[in-house]
Amino acid sequence: MWVHPKQLIPGCVINRDVMGKTNRPIMPKNTVLTEEYIDILDKFLIERVDVSPNLSYGDPFVPKDMPKEESNKDEDQSISEKKPYQSFQDQYLEAVQSYKKLFTDWQSGASIDMSQVRNVAVPLLERIDEVGLDLFLLHKLSTKQDYFYNHSLAMCLISAFLAKKKGLKKEWIQVGLAGILADSGMAKINRLLFHRQGKLSDPEYEEIKKHPTFSYRLVEKIPSLSVAVKLAILQHHERPDGSGYPLGVQKNKIHPYASILSISDTYHAMTSERIYQSRQSPFKVIEEMMSDQFNKFDHELLELFVESLTNFSTGTRVKLSNNKQAEIVFIESKYPTRPMVRMDDDNQTIISLKDDKSIYIEEILSENR
């Protein structure tokens with residue numbers, strides 16, 4: 001049955017994909033609606049949704065009548081009055097510039113205003129389900145000049161995505177806010193050092209390593225942030241083997257939120273073009289992270305992260321590190337970044353990337369989901 005989003009209740013089951021102005025559904029078929037999902041449909045100005053006549057737990061769904069004033073308001077609202085649709089990419093790039101302005105204010109001594117931070121982050125966080133795996137490609141939108149500001153937004157989004165995958169249904173937005181604020185303390189680093197283009201000296205690197213402490217001090221007295229979020233901000237560069245900073249604590253003393261941030265931080269940094277480092281393939285980066293998983297990362301979280309990133313199927317087209325194109329024909333679960341691929345050349349050679357370590361996936365060209 002077709003109903004208006006205002007008639008929906010938690011437990012409703014979507015009968016068919018809810019499409020917006022993108023190539024992907026805002027909400028896929030068979031989604032069981034929650035208050036959060038219903039709010040998302042409302043924010044996307046969806047006018048009607050096809051739902052099952054029965055709720056997820058079996059009871060019949062009887063839509064409530066639309067309030068007359070609400071019905072009239074929807075009918076009378078002209079298209080020009082509705083907020084125009086904005087692609088995620090455009091919204092993301094605008095948010096990067098908004099964050100850049102906030103950071104510049106912090107450099108000038110302004111305190112962190114959480115309402116401003118939320119205005120930048122939350123509209124993007126609300127689109128995570130729509131964007132999906134494209135979050136792992138945010139490094140493509142980054143430039144050498146604006147890498148830092150892109151990095152904070154990417155940490156926000158990837159961390160929140162991973163938190164949702166982990167099942168943190170109520171806390172995932174807080175984890176995202178920890179991500180966007182993790183590097184806020186860089187505002188207290190010497191500006192000349194902040195814009196340094198060459199390799200850092202040892203004393204300069206030691207100064208940079210103070211930024212988690214500075215970030216913690218900036219958020220320490222913000223009442224709307226939980227103790228867990230503040231601890232994640234302080235610990236996002238700590239590592240299970242004790243090799244991290246600023247305190248050098250080990251795994252049993254690192255908050256799970258901090259472990260999420262450390263994976264997002266490392267992945268986006270290594271896949272992005274920076275002044276002092278070239279961009280690396282996401283799949284090569286993942287392999288490097290996996291080789292260090294027991295020393296540098298929470299291995300269960302990293303496995304969940306890798307599973308999300310490599311959630312492609314046979315038929316997916318890829319570009320390889322030798323600049324040739326191929327199609328994935330078989331994926332072995334133990335080696336998700338190194339499937340068997342059929343080359344696009346004349347003889348249609350099949351190569352096992354697991355066996356040929358000299359070649360790796362450079363990027364995904366098209367997905368077959």
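Remember, predicted model here, so these are calculated numbers, not experimental data.

Enquirer: I keep staring at the overall build of the protein and nothing clicks. Help me out?
Expert: When helices and strands are counted, the protein shows 15 helices and 9 strands. For 369 residues, the compact-globule formula gives about 21 Å, and the C-alpha radius of gyration of the protein, at 23 Å, lands near that figure. Expressed along its principal axes, the backbone C-alpha trace of the protein runs to roughly 70 × 65 × 40 Å. Taken as a whole, the protein presents about 19000 Å² of accessible surface, with 49% of it coming from carbon and sulfur. Here the protein contributes 48 positively and 52 negatively charged side chains, and the mean placements of these two sets differ by 3 Å.

Enquirer: Even after reading the chapter, I still don't get the side chain of Ser352, so can you show me in this structure?
Expert: Within the secondary structure, Ser352 is located in strand β8 (residues 350-352). Apart from the residues within four sequence positions on either side, Ser352 is in contact with Pro339 and Met340.

Enquirer: Help me out: how do you make sense of unusual backbone geometry in this one?
Expert: Comment: phi is negative for the bulk of residues other than glycine, and the bulk of peptide bonds are trans. The amide bond that connects Tyr245 to the next residue, Pro246, takes the cis arrangement and shows omega of 10°. On the secondary structure map, Pro246 appears in the loop between α11 (227-235) and α12 (256-271). Positive phi is not limited to glycine here, since Asn30 has a value of about 75°. Looking at where Asn30 falls in the secondary structure, it is placed in the loop between β3 (25-27) and α1 (35-43). Since its relative accessible area comes to 55%, Asn30 is described here as exposed. In this model, Asn323 sits at a positive phi of 70°, which is unusual for a non-glycine residue. You can see Asn323 is positioned in the loop between β5 (317-320) and β6 (325-330).

Enquirer: I tried to follow a nonpolar patch on the surface on my own but got confused; where do I start?
Expert: A contiguous nonpolar patch, built from Phe330, Met340 and Ile350 and spanning about 260 Å² of accessible area, is present on the exposed surface. Along the chain, the position of Ile350 falls in strand β8. The exposure class assigned to Ile350 is partly exposed, which follows from its relative accessible area of 43%.

Enquirer: Help me understand the confidence of the model for the protein, please; the structure alone is not making it clear to me.
Expert: The predicted coordinates should not be examined in detail at positions where pLDDT is low. Of all residues in the protein, 91% have pLDDT values of 70 or greater, and the mean over the chain is 86. The model gives residues 68-82 a pLDDT under 50, and that stretch makes 8 contacts with residues more than four places away or in other chains.

Enquirer: Please explain the pairing of β6 as it appears in this structure.
Expert: The pairing of β5 with β6 spans 3 bridges and is classified as antiparallel. Among the inter-strand pairings, Lys319 is bridged to a residue of β6, identified as Gln325. Between β5 and β6, which pair antiparallel and follow one another directly, the connecting turn spans 4 residues, one of which, Asn323, has a positive phi of 70°. Alignment of β6 against strand β7 (residues 340-343), held across 4 bridges, turns out to be antiparallel.

Enquirer: So what exactly am I meant to see when it comes to the packing of aromatic side chains here?
Expert: Working definition: an aromatic ring pair is given by the centre-to-centre distance plus the angle between the planes. By the definition in use, this model includes 12 aromatic pairs. Taking the centre distance of 5.8 Å and the plane angle of 80° together, the rings of Tyr99 and Trp106 count as edge-to-face. Neither residue differs from the other here; Tyr99 and Trp106 are each classed as buried. Ring pairing ties together the aromatic residues Tyr99, Phe103, Trp106, Phe148 and Tyr149, which thus form one cluster. Positioned over the ring face of Trp172 is Lys164, at 4.5 Å from the centre of the ring.

Enquirer: In this structure, what is going on with the environment of Asp59? I would like to understand it.
Expert: Within the secondary structure, Asp59 is located in the loop between β4 (49-50) and α2 (68-76). It is 51 Å that separates the C-alpha atoms of Asp59 and Gln280, two residues lying 221 residues apart in sequence.

Enquirer: Is there a simple way to explain the packing of helix α3 (residues 88-107) against helix α6 (residues 147-165) in this structure?
Expert: Two quantities define a packed helix pair, namely the angle between the helix axes and the distance between the axes. In the contact formed by α3 and α6, the axes pass within 9 Å of each other and the chain directions differ by 115°. Regarding α3 and α6, the two cross each other, and that crossing is right-handed. Across the interface between the two elements, Phe88, Tyr92, Ala95, Val96, Tyr99, Lys100 and Phe103 from α3 touch Phe148, Tyr149, Asn150, Ser152, Leu153, Ala154 and Leu157 from α6. Partitioning the contact of α3 with α6 into residue classes produces 11 nonpolar, 2 polar and 1 charged.

Enquirer: Mind showing me how you'd approach the packing of α11 against α12 here?
Expert: Across the interface, α11 lies against α12 with an axial gap of 8 Å and an inter-helix angle of 45°. Put simply, α11 runs oblique to α12. Between α11 and α12 the crossing geometry is right-handed. Touching Ala228, Val229, Ala232 and Gln235 of α11 are Tyr257, Ala258 and Leu261, all from α12. Classifying every residue of the contact of α11 with α12 by side-chain character gives 6 nonpolar, 1 polar and no charged.

Enquirer: Please clarify how the environment of Phe161 should be interpreted in this entry.
Expert: Within the element layout of this structure, Phe161 appears in helix α6. With 93 residues separating them along the chain, Phe161 and Ile254 place their C-alpha atoms 20 Å apart. With sequence-adjacent residues up to four places away left out, Phe161 is seen in contact with Ile128, Gly132, Leu135, Phe136 and Ser308.

Enquirer: Mind showing me how you'd approach the pattern of salt bridges here?
Expert: A side chain of one charge can pair with a side chain of the opposite charge when the charged atoms of the two come close. Counted under the stated rule, the structure contains 13 salt bridges. Among the ionic pairs, Lys140 bridges to Glu363, the shortest N-O distance being 2.8 Å. Of the two residues, Lys140 is situated in the loop between α5 (128-131) and α6 and Glu363 in strand β9 (residues 361-366); the sequence distance between them amounts to 223 residues. Using a relative accessible area of 40% as the deciding quantity, one classes Lys140 as partly exposed. Glu363 sits in the partly exposed class, given a relative accessible area of 23%.

Reading guide: rules and limits
Residues numbered from 1 in each chain as written. Predicted model: local features only at pLDDT ≥ 70, side-chain atom pairs only at ≥ 80, totals over all residues. Heavy atoms only, no water. Helix = DSSP H or I, 4+ residues; strand = E, 2+ residues; numbered from the N terminus. Rg over C-alpha atoms; globule rule 2.2 N^0.38 Å. Areas by Shrake-Rupley, 256 points an atom, 1.4 Å probe, with all protein chains shown as cover. Lys, Arg positive; Asp, Glu negative; His and termini not counted. Charge placed at Lys NZ, Arg CZ, Asp CG, Glu CD. Contact = heavy atoms within 4.5 Å. Buried < 20%, exposed > 50% of the residue type's maximum accessible area, 1.4 Å probe, protein only. Patch = residues over 30% accessible without salt bridge, like charges linked within 9 Å, V, L, I, M, F, W, Y side chains within 5 Å. Salt bridge = Lys/Arg side-chain N within 4 Å of Asp/Glu carboxyl O. pLDDT = per-residue confidence, 0-100. Pairing = 2+ DSSP bridges. Phe/Tyr/Trp six-rings, centres within 6.5 Å; stacked < 30°, edge-to-face > 60°. Lys NZ or Arg CZ within 6 Å of the ring centre and 35° of its normal. Axes fitted to C-alpha atoms, helices over the stretch in contact; angles between N-to-C directions. Left-handed = near helix turned anticlockwise from the far one by under 90°. Nonpolar A, V, L, I, M, F, W, Y, C, P; charged D, E, K, R; others polar. Parallel < 35°, antiparallel > 145°, perpendicular 65-115°, else oblique.

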